[in-house]
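# Structural characterization, general
Here is what each chain is made of, one letter per residue.
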Amino acid sequence: MIIYGKNPVVEAIRNKRNISKMVVVDGLKDQNFLKFLKENHIKYELLPQHVISKRYGDKTGGIVAEINEYEYATLEEVLNKTSKKPEGGVLMLLDGLEDPHNLGAILRSADATGADAIIIPKNRSVSLNQTVAKVSTGAIEYVDVVQVTNLTQTIQELKKQGYWVIGLELDGSIYYDEQDYKGNVAIVVGSEGKGISRLVKENCDVLVKIPMYGKVNSLNASVSAGLILYEVVRNRNK
């Protein structure tokens, strides 16, 4: 897999990810980045910008790394980690999210708020790729992502493990800042256009909503996810 941009590459190196090839634009002004590469014994190739653009596109920022594919965590691994947390785990389930920019942004919010994992379905959903890595600005290295076959079955398993499943929907019964988020919580955010699917919605314990005061009746999925994740932090720290 190819990742690009300073922050994703720096965090990949800090996380000891294997860099099979490193390309830097000839004449890069960020000498601190070059010093960082040398300090971490990362060999790199200097290439003109037009060569990098031809090979990798125009949005690399002049920094490109070739790495192994990102590996997904398993649900068992995540539940084992969260079982050791006295305050309980915080998981986010993304139902049919297709935009890699949204997943990248949600990973940033999940890392910033200390969420334990993101869970996505294998089918009809975005997966981990270079765009997600770029937008996450390195958060992809620190937040577990689990890919499951069936989201509804996963919710049922989470309930067996003591998780309270909270769906974020326009027709929620209460506002998101009125809900208690203490203990093990799994928050479901739906797709950009359709929201949460019927079966997944029916398996949620409660549906919450974000108040809307303008003409448009919904928020971007990543904005909604960020709002509720910070509300979880606020609520649990009261």
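Residues numbered from 1 in each chain as written. Predicted model: local features only at pLDDT ≥ 70, side-chain atom pairs only at ≥ 80, totals over all residues. Heavy atoms only, no water.

## Structural notes on the overall build of the protein
Scanning the protein for helices and strands turns up nine helices and 11 strands. Taking 2.2 N^0.38 as the reference for a compact globule, 238 residues should give roughly 18 Å; the C-alpha atoms of the protein span a radius of gyration of 19 Å, in line with that estimate. Along the longest, intermediate and shortest principal axes, the C-alpha atoms of the protein span 55 × 45 × 35 Å. Within the protein, the fraction of its 238 residues that count as buried is 50%. Of all intrachain contacts in the protein linking residues separated by at least 6 positions in sequence, the fraction that spans at least 24 positions is 77%. Carbon and sulfur atoms make up 47% of the accessible area of the protein, which amounts to about 12,300 Å² in all. Distance from the positive charge centre (30 side chains) to the negative charge centre (29 side chains) of the protein: 4 Å. (Helix = DSSP H or I, 4+ residues; strand = E, 2+ residues; numbered from the N terminus. Rg over C-alpha atoms; globule rule 2.2 N^0.38 Å. Buried < 20%, exposed > 50% of the residue type's maximum accessible area, 1.4 Å probe, protein only. Contact = heavy atoms within 4.5 Å. Areas by Shrake-Rupley, 256 points an atom, 1.4 Å probe, with all protein chains shown as cover. Lys, Arg positive; Asp, Glu negative; His and termini not counted. Charge placed at Lys NZ, Arg CZ, Asp CG, Glu CD.)

## Observations concerning unusual backbone geometry
Phi is positive for Lys16, which is not a glycine, with a value near 65°. Within the secondary structure, Lys16 is located in the loop between helix H1 (6-14) and strand E2 (19-25). Judged by its relative accessible area of 71%, Lys16 falls in the exposed class.

## Let's talk about the packing of aromatic side chains
Evaluation of the coordinates by the stated rule reveals zero aromatic pairs. Lying over the aromatic face of Tyr175, Lys209 brings its terminal NZ or CZ to 4.9 Å of the ring centre. (Phe/Tyr/Trp six-rings, centres within 6.5 Å; stacked < 30°, edge-to-face > 60°. Lys NZ or Arg CZ within 6 Å of the ring centre and 35° of its normal.)

## Here's the deal with the sheet that holds strand E5 (residues 90-95)
With parallel pairing, seven strands are arranged side by side in an open sheet as E7-E6-E5-E10-E8-E11-E9. Sheet topology places strand E7 (144-148) and strand E9 (174-175) at the edges, where each strand pairs with a single neighbour. The pairing of strand E8 (residues 164-168) with strand E10 (residues 185-190) spans five bridges and is parallel. Each residue of the ladder has a partner; that of Val165, found in E10, is Ala186. Helix H5 (residues 100-113) contacts E5, strand E6 (117-121) and E7 of the sheet and is inclined by roughly 155° relative to E6. In the packing of helix H7 (residues 151-160) onto the sheet, the strands contacted are E5, E6, E7, E8 and E10, and the crossing angle to E5 comes to about 160°. (Pairing = 2+ DSSP bridges. Axes fitted to C-alpha atoms, helices over the stretch in contact; angles between N-to-C directions.)

## Description of the pattern of salt bridges
For the coordinates displayed, the defined rule picks out 12 salt bridges. A salt bridge links Asp116 to Lys85; its shortest N-O distance comes to 2.9 Å. With Asp116 in the loop between H5 and E6 and Lys85 in the loop between helix H4 (75-82) and E5, the pair connects residues that are 31 residues apart, well separated along the chain. For Asp116, a relative accessible area of 18% translates into the label buried. For Lys85, a relative accessible area of 22% puts it in the partly exposed group. Between Lys201 and Glu169 there is a salt bridge, with the nearest N and O atoms lying 3.0 Å from each other. (Salt bridge = Lys/Arg side-chain N within 4 Å of Asp/Glu carboxyl O.)

## Overview of the pairing of E5
Most of E5 is tucked away: six of the six residues are buried. Of the two faces of E5, the one lined by Val90, Met92 and Leu94 and the one lined by Leu91, Leu93 and Asp95 are each fully buried. In this sheet, E10 lies alongside E5 in parallel orientation, the contact comprising six bridges. When the sheet's bridge partners are listed, Leu94 is paired in E10 with Val189. Looking at chain direction, E5 and E6 are connected through three bridges and run parallel. Across the sheet, Leu91 pairs through a bridge with Ala117, a residue of E6. In the classification by handedness, the crossover that spans E5, the intervening H5 and the parallel E6 is right-handed. (Right-handed = clockwise from strand over helix to strand, strands pointing away.)

## What about the nonpolar core?
Judged by nonpolar contacts, the single largest core of 59 residues is most densely connected at Met22, Phe33, Met92, Leu107 and Ile118. Ignoring sequence-local partners within four residues, the contact set of Leu107 consists of Ile118, Leu128, Val132, Ser136, Ala139, Ile140, Val143 and Val145. Core analysis: the second largest hydrophobic core is formed by 21 residues, Leu75, Leu93, Ala117 and Val146 among them. (Core = buried A, V, L, I, M, F, W, Y, C linked by side-chain atoms within 4.5 Å.)

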